[in-house]
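Spelled out, the chains give:
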Amino acid sequence: MTDEGHPWISPVVNKLRLQIAQDPSLNYEYMPAMGMKSFIHASLELLLGKHSEAIVENRAGGLHTVGSTGAFQLGARFLRTWYRDARTIYITSLQKELHGFIFQDMGFMVYEYSFWDPKKLCIDHSMLLNVVEQASPSSVLVIGSIGECNLTQSQWAKLMSTMKSKQIFPFFDIPNQGLSTGDLDEDTRILQSFVSQGFEFFCSQSLSKNFGIYDEGVGILVVVALNNQHLLCVLSQLKNYTQALWLTPPTTGARIVTSILSNPALHAEWKYSLKEVVENIMLIKEKVKEKLRLLGTPGNWNHITAQTGTHSYLGLNFQQVEYLVKKKHIYIPKNSLINFTCINANNIDYITQSINEAVLSTRGPVKCLQKINDL
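Criteria and thresholds
- Residues numbered from 1 in each chain as written.
- Predicted model: local features only at pLDDT ≥ 70, side-chain atom pairs only at ≥ 80, totals over all residues.
- Heavy atoms only, no water.
- Buried < 20%, exposed > 50% of the residue type's maximum accessible area, 1.4 Å probe, protein only.
- Helix = DSSP H or I, 4+ residues; strand = E, 2+ residues; numbered from the N terminus.
- Pairing = 2+ DSSP bridges.
- Expected span 1.5 Å × (residues − 1).
- Axes fitted to C-alpha atoms, helices over the stretch in contact; angles between N-to-C directions.
- Parallel < 35°, antiparallel > 145°, perpendicular 65-115°, else oblique.
- Contact = heavy atoms within 4.5 Å.
- Nonpolar A, V, L, I, M, F, W, Y, C, P; charged D, E, K, R; others polar.
- 1 Å grid on protein atoms, 1.4 Å probe; cavity = no way out; pocket = protein on both sides within 12 Å on 5 of 7 lines; lining within 4 Å.
- Points joined across faces, edges and corners; volume = space filled by probe spheres on them.
- Arc of directions from axis to C-beta.
- Polar contact = N/O pair within 3.5 Å; in protein donor to acceptor, adjacent residues only side chain to side chain.
- Core = buried A, V, L, I, M, F, W, Y, C linked by side-chain atoms within 4.5 Å.

## Let's talk about the pairing of strand 1 (residues 60-66)
Of all seven residues making up strand 1, six are buried, and the element is well covered by its neighbours. Relative to strand 9 (residues 218-224), strand 1 runs antiparallel, the two being bridged by seven bridges. Within the sheet, the bridge partner assigned to A60 lies in strand 9 and is V224.

Here you go:
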C-alpha cells in the first residue's frame, strides 16, 4: 500500500498502461492455450536467471496462468492424474495459504506448517528440515516464503538429499519476487540449487504484487524437467487442463510485465522501485518497534525488525488481537500477521498506542497462543 492507503503500483507500470492502450498495432485475438510466449520466456528468465542451465538445456518451460491460484490448479490436476503415488501434500509457508483447499478438492491429504514459531517469536529455520524428514515417500512438498527460510548451504544440501532419497516432489510458490529482500536474484537463489541437483519441479510464479497490478491476475506455472522430451510431455497435458479451466489467459498484465522485463531501462527502473518499497517497509518496522519501546510496552519487539517481506507477525496472542479488533477497529488475523505497508505516518501512532493498550489490558506474555493450522 502507499502512504495514502492505496494499492502500490510500480511507477513504470503506469507508463506501459498508456502505451498499450494507445498502440494501434495490437491484436486482441485469443491467446494460445499455453499463453503469451514472450511473457513465459521473460518470466522464466526472471525466476531462474537468464543463464540458468535449465533454460539453456531447454528443459524449463511454463504456462501462462490466471494468477497463482490458476498455477496451483493446473499443478494439482497434473499431480493427481500423473503422479499417482503422491497422495499427501505438505505445505510450508510463513502463513496459512489457499493452496491447501485446492489440493484438498483434488483428494489429497494436506498438512500445513508455518515457519513462524509463536512461542519463540522468530522464524523456525529447522521446520522445513523436520517436515521433510517426517514426510511420506513420494509425497509433494509445497515450499513458500523461500526468502524467509534462511537455511545454510549445508542445511539446503541435507534437505535436497533427503527429498531425493524419498522421491519427494517440490512445488515452489513465489508470490512476490523482490519484495522480500529487495533483491530479485536473492529471493529465488535456492531454485538454482534445485536445478543444478537435477530436480524436476513445479513453481507458481505470481507477478501481480511486485508490479502492482493486482487486478490483472498475472501468473505462470513453471515446469523444470529432466530433459526437453519430458518437458514437452508435461506441457502438453497441462495445456489440456487449461482448456477446461479458462481456455485462454488474460493478456493486459502479461503485456505490461513483458514490456518491462524486455526493456533494460524499464527493467532497471522497476527493480529500483522494488528496492524503494523494501527499504520503506524496513523503516516502518523500525519506527513501530521504537514507538513501542518509548511507550514502555511490555515485551521484546526485536522480532518485528528481524522479519522480512511486506507481512510480518506482531507476536500478539489471541486476546490481544481480539482487543485490537473489537476495541480499536484494527482488523488483523488471529495469528497477528500484519501488512506493514498499511502502516504510515497518518496511523502509526494510533496503531502503536493500540498495541500498547492491548498488551497492557491482557497483562499476558507477548506471544501467539494459536498455531496457524488452528485458523
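## Some thoughts on helix 2 (residues 37-48)
With twelve residues, helix 2 should reach 16 Å at 1.5 Å per residue; the first-to-last C-alpha distance of 16 Å fits that figure. When we look at burial in helix 2, the residues that qualify are F39, I40, A42, S43, L44, L46, L47 and L48. Where helix 2 terminates, the next one or two residues include G49, which has phi positive at roughly 100°.

## Considerations on the packing of helix 12 (residues 252-261) against helix 13 (residues 264-295)
Interhelical geometry of helix 12 versus helix 13 gives an angle of 105° and a closest axis separation of 6 Å. With respect to each other, helix 12 and helix 13 are oriented roughly perpendicular. From helix 12, S259, I260 and L261 reach across to helix 13, where they touch L266, H267 and W270. By residue class, the composition of the contact of helix 12 with helix 13 is four nonpolar, two polar and no charged.

## Looking at the layout of surface pockets
Size it by volume and the largest pocket reaches roughly 690 Å³. What lines the largest pocket is a set of 34 residues, among which Q95, E97, P175, N176 and K209 lie closest to the centre. Here the element with the most residues in the lining of the largest pocket is helix 4 (residues 67-82); it accounts for four residues. Looking at the lining of the largest pocket residue by residue, the class counts come to nine nonpolar, 19 polar and six charged.

## Concerning helix 11 (residues 228-245)
With 18 residues, helix 11 should reach 26 Å at 1.5 Å per residue; the first-to-last C-alpha distance of 25 Å fits that figure. Those residues of helix 11 not exposed but buried are L231, V234, L235, L238, Y241 and T242. Buried positions in helix 11, seen along its axis, are confined to an arc of 120° and lie on one side of it. Exposed side chains of helix 11 directed beyond 90 degrees from the buried face belong to Q229 and A244. Lining the buried residues of helix 11 we find strand 1, helix 4, strand 8 (201-206) and strand 9. Its side-chain oxygen 3.1 Å from the backbone nitrogen of Q229, N227 forms the N-cap of helix 11. Directly beyond the C-terminal end of helix 11, a positive phi value near 65° is found at L247.

## Quick notes on the nonpolar core
Among the nonpolar cores identified, the biggest contains 46 residues, and F211, I260, W270, F340 and I355 are the most heavily contacted of them. When residues of this core are traced back to their parent elements, those giving at least two are helix 1 (11-21), helix 2, helix 12, helix 13, helix 15 (318-328) and helix 16 (348-362). A total of nine residues in this core trace back to one element, the largest contributor, which is helix 13. Core analysis: the next-biggest nonpolar cluster, separate from the first, contains 43 residues, L48, A54, I143 and C203 among them.

No statement about biological role is implied by the geometric values presented.
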